[in-house]
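Examining the three-dimensional arrangement
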Amino acid sequence: MFDKETYIRRRTELKRLVGKGIILLFGNNEAPANYPANGYAPFRQDSSFLYYFGQHRDGLVGVIDIDNDEEWLFGDDIDVEDIVWMGYTPSVSDLAAEVGVNKTAPLADLSKMVNGQWSMVNKHFLPPYRHDTKIQIMDLLGIHPSKQKEAASIDLIKAVVKMRATKEPQEIEAIEKACNVGYAMHTTAQLLIKPGVTERFIGGQVDGIARSLAQGVSFATIFSQHGEIMHGNPSDAPLEDGRLVLCDAGCELNDYCSDNTRTMPVNGKFTQKQLEIYSIVEACHDYVLEVAKPGVRYMDVHFAVCRLMTDRLKELGLMRGDTEEAVRAGAHAMFLPHGLGHMMGMDVHDMEGLGQIYVGFDEETRPNLEQFGTNCLRMGRKLEPGFVVTDEPGIYFIPHLIDLWKKEGHCKEFLNFDLLEAYKDFGGIRIEDDLLITEDGCRFLGEKRIPYHPKELEKFMTK
């Protein structure tokens, strides 16, 4: 939690941006894993509630009355029975005071006030993503859960995105610290990788580092020899000599995330074929540092990377034809079916629940939802100082996609399907780091870079 003044300042700015009405910010409740007393742990608070109210306790709702310039924290004090099991928790009024809120009330009073003194004013809320919150909104406002996404306040969404997108210096410092734990996670994995060790064992070690040095993982760890599967969770499969293994993992520390990916040879040495593809991804990853800066659209950075990738794949004979035409046709998406990156901060896909069209795009830059690959571009808008985005190009050989496009003849003028047959068992490669947009360019976050240049990586894995 930051200092009290941070949350006062944020709520003041939010009031200014939204303009009128009341703002309802719902904190999360405990989520049971398989029965009520066995909840998922550790408890994770809603990020926007955290951003403006700072408290991690469950069962809280923050209300900002813009018209009367009042701020409220609703929630119930815990009783002795809870204290016996969970220990003492400060009262709601104490929690409120810690973040500069001077009005509190029991949770039951929220309905009375929403339907009483606030009954005739605009009520702003964010799109809910948990079913218990949806029920809470239905009870308070009479809006059925199926209608709540559409009923959510666009003014509030845009205000929250505007504020959370530009990271404050203290937020950048928090992300840097999370990236330092990410370094420990990934280098631990790199030193454990060898034939015969299971994916699940190394994935568990990676998770253990996150739980030991931070609050936990920022998303479910991806560790798989099937790098062509975007979200390949660890299996019981032993690592095999001669294959590649992909690790995409990050931690959450002090409410801020890291997110990195590395791809390694299981035996510690790239084959020539692996190195040829890996060097393309490496070049694309590093090229982002040259072109990403304030005023440049991340969509343009994405397509600059796609053109570089296409040129290099043409050198290997996997692609052909005019590069501009190939990228315009989406032929590169055979190898890169996702966008270059996404916003990152309190959420690993920062604010994605508020609607990607508001987070990753702006009035000038709109998403293309029709073209395969481009429809998965999460971040396209103009970059601004203080943005934190991921830089994660990859090349994947997905057998089912190869077969489908070959059968349909899709982009056949740009793709060498005969040569692609020889890569069906290759897997996939991704290299990812977290990028801060500065006043005149960009830089990677984290004190130390997780090894990824081939010679450096091979040398590190032999330690």
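Now for a quick tour of the structure. Here the structure is a predicted model, which means the values were calculated and not measured.

**Points about the sheet that holds strand E4 (residues 61-65)**
- A sheet is described by the order of its strands in space; here five strands give the open sequence E6-E5-E4-E1-E7, paired in mixed fashion. The strands lining the two open edges of the sheet, one partner per strand, are strand E6 (103-105) and strand E7 (123-125). Between one strand axis and the next, the sheet turns by 25 degrees as a mean value, whatever way the strands run.
- In the sheet, E4 pairs with strand E5 (residues 70-74) via five bridges, with the strands oriented antiparallel.

**Thoughts on the pairing of strand E2 (residues 32-35)**
- Two strands pair when backbone bridges link them, and E2 and strand E3 (residues 38-39) are joined in this way by two bridges, in the antiparallel orientation. Looking across to E3, one finds that Tyr35 is bridged to Asn38.
- Following E2, the chain reverses through two residues before pairing antiparallel with E3.

**Considerations on a nonpolar patch on the surface**
- Where nonpolar side chains cluster on the molecular surface, the patch consists of Val80, Val84, Trp85 and Met86 and spans about 580 Å² of accessible area.
- Mapped onto the elements of the fold, Met86 is located in helix H3 (residues 80-86).

**Some remarks on the packing of helix H9 (residues 169-192) against helix H10 (residues 199-213)**
- Two elements in contact, H9 and H10, have axes whose closest approach is 9 Å; the angle formed by their N-to-C orientations is 155 degrees. The angle between H9 and H10 falls in the class roughly antiparallel. Once H9 is placed against H10, the crossing between them reads as right-handed. Residues Val181, Ala184, Met185, Thr188, Ala189 and Leu192 of H9 lie in contact with H10, whose contacting residues are Phe201, Ile202, Gln205, Val206, Ile209, Ala210 and Leu213.
- For the contact of H9 with H10, a count of residues per class yields 11 nonpolar, two polar and no charged.

**Side note on the sheet that holds strand E10 (residues 244-249)**
- As summarised here, the arrangement of the three strands in space is E9-E10-E13, forming an open sheet in which the pairing is antiparallel. Every interior strand has two partners, whereas the edge strands, strand E9 (222-224) and strand E13 (260-265), have only one. Here the average twist between neighbouring strands, direction ignored, is 10 degrees.
- Strand direction decides the pairing type here: E9 and E10, joined by three bridges, are antiparallel. Looking at E10, one finds that Ser224 is bridged to Leu246.

**Notes on the packing of helix H11 (residues 272-291) against helix H12 (residues 298-315)**
- One can describe the packing of H11 onto H12 by two numbers: an axis separation of 10 Å at closest approach and a directional angle of 150 degrees. Classified by the interaxial angle, the pair formed by H11 and H12 is roughly antiparallel. The chirality of how H11 crosses H12 is right-handed. Across the interface between the two elements, Ile277, Ser279, Ile280, Ala283, Cys284, Tyr287, Val288 and Val291 from H11 touch Tyr298, Val301, Ala304, Val305, Leu308, Met309, Arg312 and Leu313 from H12.

**Topic: the pattern of salt bridges**
- The full count for this structure, using the stated rule, is 32 salt bridges.
- A salt bridge links Glu173 to Lys177, with the shortest nitrogen-to-oxygen separation between them at 3.6 Å. One end of the pair is Glu173 and the other is Lys177, both in helix H9 and four residues apart, which spans about a single turn.
- Glu173 sits in the partly exposed class, given a relative accessible area of 45%.
- Exposure remark for Lys177: the relative accessible area of 41% places this residue in the partly exposed category.
- For Asp236, the salt bridge is made with Arg200, and the minimal N-O distance between the two is 2.5 Å. Highlighted residues: Asp236 in the loop between E9 and E10 and Arg200 in helix H10, separated in sequence by 36 residues.
- On the basis of relative accessibility, which here comes to 55%, the residue Asp236 falls in the exposed class.
- Since its relative accessible area comes to 44%, Arg200 is described here as partly exposed.
- Ionic contacts of the salt-bridge type, sharing partners, join the residues Arg44, Arg164, Lys167, Glu252, Asp347 and Asp350 into one network.

**So, the state of the cysteines**
- Enumeration over the complete set of coordinates arrives at zero disulfides.
- Distance from the sulfur of Cys411, which forms no disulfide, to the nearest cysteine sulfur (Cys306) is 13 Å.

**Looking at the packing of aromatic side chains**
- Tallied over the full model, the rule gives 12 aromatic pairs.
- Here Trp72 and Phe74 contribute two aromatic rings whose centre-to-centre distance is 5.6 Å and whose plane-to-plane angle is 20 degrees, an arrangement assigned as stacked. In this structure, Trp72 and Phe74 share a single accessibility class: buried.
- Geometrically, the ring pair formed by Phe270 and Tyr278 is tilted, given 4.7 Å between the ring centres and 45 degrees between the ring planes.
- Each residue in the set Phe335, Phe397, Tyr423 and Phe426 is aromatic and connected to the rest through ring pairs, giving one cluster.
- Positioned over the ring face of Phe53 is Arg11, at 5.2 Å from the centre of the ring.
- Taking NZ or CZ as reference, Lys273 lies 4.2 Å from the ring centre of Tyr423, over its face.

**Section: the nonpolar core**
- Ranked by size, the top nonpolar core spans 139 residues in total, and within it Leu14, Tyr298, Phe335 and Phe397 carry the most contacts.
- Those residues in contact with Phe397 that lie beyond four places of it in its chain are Glu228, Ile277, Leu318, Phe335, Ile402, Leu420, Tyr423, Lys424, Phe426 and Gly427.

Thresholds applied
Residues numbered from 1 in each chain as written. Predicted model: local features only at pLDDT ≥ 70, side-chain atom pairs only at ≥ 80, totals over all residues. Heavy atoms only, no water. Pairing = 2+ DSSP bridges. Helix = DSSP H or I, 4+ residues; strand = E, 2+ residues; numbered from the N terminus. Axes fitted to C-alpha atoms, helices over the stretch in contact; angles between N-to-C directions. Patch = residues over 30% accessible without salt bridge, like charges linked within 9 Å, V, L, I, M, F, W, Y side chains within 5 Å. Areas by Shrake-Rupley, 256 points an atom, 1.4 Å probe, with all protein chains shown as cover. Salt bridge = Lys/Arg side-chain N within 4 Å of Asp/Glu carboxyl O. Parallel < 35°, antiparallel > 145°, perpendicular 65-115°, else oblique. Left-handed = near helix turned anticlockwise from the far one by under 90°. Contact = heavy atoms within 4.5 Å. Nonpolar A, V, L, I, M, F, W, Y, C, P; charged D, E, K, R; others polar. Buried < 20%, exposed > 50% of the residue type's maximum accessible area, 1.4 Å probe, protein only. Disulfide = S-S within 2.5 Å. Phe/Tyr/Trp six-rings, centres within 6.5 Å; stacked < 30°, edge-to-face > 60°. Lys NZ or Arg CZ within 6 Å of the ring centre and 35° of its normal. Core = buried A, V, L, I, M, F, W, Y, C linked by side-chain atoms within 4.5 Å.

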